[in-house]
Amino acid sequence: MKCSVYAAALAVSAMSAPLDAQVLKIGTESKLDVERRDEVISVSWRDVTRAIPAASVSRVRVTDAAMREMISQVIDNDADGKPDELLFLANFWPREKKTFQITGEAPTQKAESRVFIRHDEPRDDIAWESDRIAFRIYGEGLKKTSSAMSSNGIDVWPKSVHRLVVEKWYTKGHDAYHIDTGDGADFFDVGETLGAGGTAIWKNDTIYRADNFKAWKIIANGPVRAIFELRYDPWSGDGVTISEVKRVTIDAGSNLYKAESFFTAPKGGEIPYAIGLVKRPGMRGTETREKRWAWVSGWGPVAPKNGGHGELGTAVLIQRQSLRDWKETGDHYLAIGTAQSGQPATHYIGAGWTASGDFPTPQSWWAYLDMFADRLASPIEVTIGVTR
């Protein structure tokens, strides 16, 4: 099974750089005894421009030791109009060391994007995808359609191809993308639940969900990474009132995306919350806290409608130090956590389908989650150096 990407925090040590240098050398090293495909390597844009003053968003190229170009992206993480990082993709064999170089030249060809976000105006959906899996979430505008409902649940769009499909599926139309015509479909029933990875207030063994998102902002849209933010108005449950800003980051090659929930309470302090997975007929729940990133997962058959077939795994990863308990309700498998008001509660959320060819068994899905947790705990080490 191929490993997928995740957006890791990278340990970076910077060496002093002469301002007139034209090549920035990057050393990388994996400390794990496993193959790591589609790692996202991050280099501070300040380090790039300090070493290569001529570098710009359109004039920067990354190559490996054999001078092969790497797919890369300059990214503005806070949407202030100023670049923050240069990202590029790389694969690693167990414990492999690699060197790369950055120059102030335009890439020889435009990279094909492996991630994508779309806001669908008629339904007020946000849909996002990697080249492995796709997701969708509902906005306030949905209430003006025939599908009106109140839900902050996350929809899964399983696909059987390793390419982007969201634009194609929306072009086909709402009814058509629920039918599998060869590359997957929207078989997943969310309704007024958490879906796959929605969040809620947790009080007295009860979940209190937010309404649909009220505002959205796309921050980056490929080819390596896509980022967007959603705003949820305040909602209450059993005397607790909070609001939420959710920041989602998805990377090329990954079945899991990073979700940062910034919960805010009027008086601040600690906020108890739940994040979880809606149950489906025949679904089995599994959880573990053996690693630094604990996970809860569901595995079971896809609903046999509109050509639905195979089995689907869903999962949420949560830092073990933030996890308070696992709970099973009549309709959800839940991770119970606590967050500080205004501080991010970070999770990795995703899904895998047997028809993709990547996860033939529940054991292969659980192994993927374990490996993903290991990679989060041991990011690629990056060293920055400069040559003329």
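Structure first, text after, so check above.
Chemist: How should the overall build of the protein be read in this particular structure?
Modeler: If you tally the helices and strands in the protein, you get three helices and 25 strands. For 388 residues, the compact-globule estimate of 2.2 N^0.38 gives 21 Å, and the C-alpha radius of gyration of the protein, at 21 Å, lies within 12% of that figure. Oriented by its inertia axes, the alpha-carbon framework of the protein measures out at about 65 × 50 × 40 Å. Within the protein, the proportion of its 388 residues that are buried is 55%. Sequence separation of 24 or more characterises 70% of the internal contacts of the protein that already satisfy a separation of 6 or more. Put simply, the protein shows about 15800 Å² of open surface, and 49% of that area lies on carbon and sulfur atoms. Where the 48 positive side-chain charges of the protein centre and where its 51 negative ones centre are 3 Å apart.

Chemist: Can you help me understand the sheet that holds strand β6 (residues 85-92) in this one?
Modeler: Backbone hydrogen bonds hold the strands of a sheet together, and the pairing may be parallel or antiparallel. The three strands are arranged β3-β6-β5 in an open sheet whose pairing can be described as antiparallel. Pairing within the sheet leaves two strands with one partner each, and these edge strands are β3 (36-44) and β5 (72-75). On average, adjacent strands in this sheet sit at an angle of 30° to one another, irrespective of strand direction. Two strands pair when backbone bridges link them, and β3 and β6 are joined in this way by seven bridges, in the antiparallel orientation. Directly across from Arg36, in β6, lies its bridge partner Phe92.

Chemist: What's the story with helix α3 (residues 362-377) in this structure? I'm lost.
Modeler: Note that an α-helix has 3.6 residues per turn; residues three or four places apart therefore point the same way. With 16 residues, α3 should cover 22 Å at 1.5 Å per step; its first-to-last C-alpha distance of 23 Å lies within 8% of that length. Those residues of α3 that sit buried are Pro362, Ser364, Trp365, Trp366, Tyr368, Leu369, Phe372, Ala373, Arg375 and Leu376. On its buried face, α3 sits against β3, β17 (256-264), β19 (284-288), β20 (293-301), β21 (311-319) and β24 (344-353).

Chemist: Sorry, what's going on with the sheet that holds strand β23 (residues 332-340) here?
Modeler: On the basis of which strands lie adjacent, the open sheet formed by five strands has the order β13-β12-β18-β23-β22 and antiparallel pairing. Here the strands that pair on one side only, and so sit at the sheet edges, are β13 (206-209) and β22 (323-328). Geometrically, the sheet is characterised by an average inter-axis angle of 40° between neighbouring strands, direction not taken into account. Taken together, the four bridges between strand β12 (residues 196-203) and β13 define a ladder with antiparallel strand orientation.

Chemist: Just to check I follow, could you spell out the nonpolar core for this structure?
Modeler: One recurring pattern in soluble globular proteins is that nonpolar side chains are buried together. Of all hydrophobic cores here, the largest spans 63 residues; its most connected members are Ile126, Trp128, Phe135, Ile137, Val156, Ile242 and Tyr257. Per-element tally for this core: the top contributor is strand β15 (residues 225-237), with six residues. Non-local contacts of Ile137, meaning those with residues more than four positions away in its chain, are made with Asp124, Asp125, Ile126, Trp128, Asn152, Gly153, Ile154, Phe213, Leu230 and Tyr232. Ranked by size, the runner-up nonpolar core spans 22 residues in total, among them Ile41, Ala90, Phe92 and Ile380.

Chemist: Got a minute to help me understand the pairing of strand β8 (residues 115-120) in this structure?
Modeler: On a regular strand, each side chain points to the face opposite its neighbour's, so the side chains alternate between the two faces of the sheet. With five of six residues buried, β8 is to be regarded as a mostly interior element. Here β8 pairs with strand β9 (residues 125-130) via six bridges, running antiparallel. Residue Arg118 lies in a different strand from β9, and its bridge partner there is Ala127. Between β8 and β9, which pair antiparallel and follow one another directly, the connecting turn spans four residues, one of which, Asp124, has a positive phi of 60°.

Here is what the cut-offs are and how they apply
- Residues numbered from 1 in each chain as written.
- Predicted model: local features only at pLDDT ≥ 70, side-chain atom pairs only at ≥ 80, totals over all residues.
- Heavy atoms only, no water.
- Helix = DSSP H or I, 4+ residues; strand = E, 2+ residues; numbered from the N terminus.
- Rg over C-alpha atoms; globule rule 2.2 N^0.38 Å.
- Buried < 20%, exposed > 50% of the residue type's maximum accessible area, 1.4 Å probe, protein only.
- Contact = heavy atoms within 4.5 Å.
- Areas by Shrake-Rupley, 256 points an atom, 1.4 Å probe, with all protein chains shown as cover.
- Lys, Arg positive; Asp, Glu negative; His and termini not counted.
- Charge placed at Lys NZ, Arg CZ, Asp CG, Glu CD.
- Pairing = 2+ DSSP bridges.
- Axes fitted to C-alpha atoms, helices over the stretch in contact; angles between N-to-C directions.
- Expected span 1.5 Å × (residues − 1).
- Core = buried A, V, L, I, M, F, W, Y, C linked by side-chain atoms within 4.5 Å.

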